[in-house]
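Residue-level structural notes
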Amino acid sequence: MESSEAKQRIKDQPEPSIKDQPEPSPDSSQKITSRSKRAKKVAMARKGLRSQGLAIGLPLLLPALTIYLFQLGQGYDELVISAWYPPIWRIHLAALLSSSLMGLFAWLVWAEGGLRQPANAFPLFVTPLFLGLMWGPVVFVMGASRLGLVAGLVLVAALYGCLMGFREVNPIAADLVKPCIAWAVLLVIMSFALI
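So, here is what we can say about the structure in this document. Bear in mind that the values here come from a model prediction, so they are computed numbers and not experimental data.

**What to know about the overall build of the chain**
The helix and strand inventory of the chain stands at seven helices and zero strands. Reading the secondary structure of the chain in the N-to-C direction produces α-α-α-α-α-α-α. Each of the 195 residues in the chain was classed as buried or not, and the buried ones make up 33%. Counting every atom, the chain has about 12,900 Å² of accessible surface; 65% of that belongs to carbon and sulfur.

**Some details on the packing of helix α4 (residues 88-111) against helix α6 (residues 145-169)**
α6 packs onto α4 with a crossing angle of 30° between their chain directions and a minimal axis gap of 10 Å. Taken together, the axes of α4 and α6 lie roughly parallel to each other. Crossing of α4 over α6 shows left-handed handedness. Residue-level inspection shows Met102, Phe105 and Val109 of α4 in contact with α6, the latter providing Leu159, Cys162, Phe166 and Val169. Looking at the contact of α4 with α6, its residues break down into seven nonpolar, no polar and no charged.

**Observations regarding helix α7 (residues 171-194)**
If you check α7, its first and last C-alpha atoms are 36 Å apart, about what 24 residues at 1.5 Å a residue would give, namely 34 Å. Taking the backbone nitrogen of Ile172 as reference, a side-chain oxygen 3.0 Å away marks Asn170 as the first, capping residue of α7.

**Side note on the packing of α6 against α7**
Where α6 contacts α7, the two axes come as close as 8 Å, and the packing angle between them is 170°. Taken together, the axis directions place α6 and α7 in an arrangement best described as roughly antiparallel. Once α6 is placed against α7, the crossing between them reads as left-handed.

**A word on the nonpolar core**
Grouped together as the largest cluster of nonpolar side chains are 37 residues, with contacts concentrated most on Tyr76, Met102, Phe105, Phe140, Leu159 and Val177. The set of elements that each furnish at least two residues to this core consists of α2 (26-70), α4, α5 (121-141), α6 and α7. For this core, the element with the highest residue contribution is α7, accounting for 11 residues.

**Some thoughts on the packing of aromatic side chains**
For any pair of aromatic rings, the description rests on two quantities: the centre-to-centre distance and the angle between the ring planes. All chains considered together, the criterion is met by two aromatic pairs. When the centroid spacing of 5.4 Å and the interplanar angle of 80° are considered together, the rings of Trp135 and Phe140 count as edge-to-face. Under the relative-accessibility criterion, Trp135 is labelled buried at 3%.

**Structural notes on the pattern of salt bridges**
Under the definition given, this model contains one salt bridge. One salt bridge in this structure joins Asp175 and Lys178, with 3.3 Å as the shortest N-O distance. With a gap of three residues between them, Asp175 and Lys178 both fall in helix α7, about one helical turn apart. For Asp175, a relative accessible area of 45% corresponds to the partly exposed category.

Quick notes on the rules
- Residues numbered from 1 in each chain as written.
- Predicted model: local features only at pLDDT ≥ 70, side-chain atom pairs only at ≥ 80, totals over all residues.
- Heavy atoms only, no water.
- Helix = DSSP H or I, 4+ residues; strand = E, 2+ residues; numbered from the N terminus.
- Buried < 20%, exposed > 50% of the residue type's maximum accessible area, 1.4 Å probe, protein only.
- Areas by Shrake-Rupley, 256 points an atom, 1.4 Å probe, with all protein chains shown as cover.
- Axes fitted to C-alpha atoms, helices over the stretch in contact; angles between N-to-C directions.
- Parallel < 35°, antiparallel > 145°, perpendicular 65-115°, else oblique.
- Left-handed = near helix turned anticlockwise from the far one by under 90°.
- Contact = heavy atoms within 4.5 Å.
- Nonpolar A, V, L, I, M, F, W, Y, C, P; charged D, E, K, R; others polar.
- Expected span 1.5 Å × (residues − 1).
- Polar contact = N/O pair within 3.5 Å; in protein donor to acceptor, adjacent residues only side chain to side chain.
- Core = buried A, V, L, I, M, F, W, Y, C linked by side-chain atoms within 4.5 Å.
- Phe/Tyr/Trp six-rings, centres within 6.5 Å; stacked < 30°, edge-to-face > 60°.
- Salt bridge = Lys/Arg side-chain N within 4 Å of Asp/Glu carboxyl O.

Shown next, in the form of structure tokens:
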């Protein structure tokens, strides 16, 4: 009987309306909003780090594989005709750093949407990467210094195109192209000296 009386009392009580409920304090809604914004920023940062790691790591891996697969250091001592030529380990290190910089400046431009906007921006990135990979095997393995010279000149022109095209999108990315151009000029000089 007590249970039927309790049920009756519950039915007789009016249900609380939305007006009767306490309003959330401004601090609690701000905390929830700031937590969700922070979570979104952290998720975007993680995606950005992954894409940046891929953009730098892949161009770093490609010349490392080229150096390893073609054994680029073996023919270098025979080709060196002057004392001003850098040791082979410096050439390899510069090739790795140059490729990593290419990946970094391409990522900076891609992050701002620049690789999709101008129609020639993506080929301007891929061309120097390919030519930089091709130069070592052509000059050291094949012994084709003239072809290496042509590849080096096209590499300098493609990097200069990157510099001019990327400057509009991201000036920092354009500044990162400059050491790569200096490296490509050194490749041209070395190729020319070997002819």
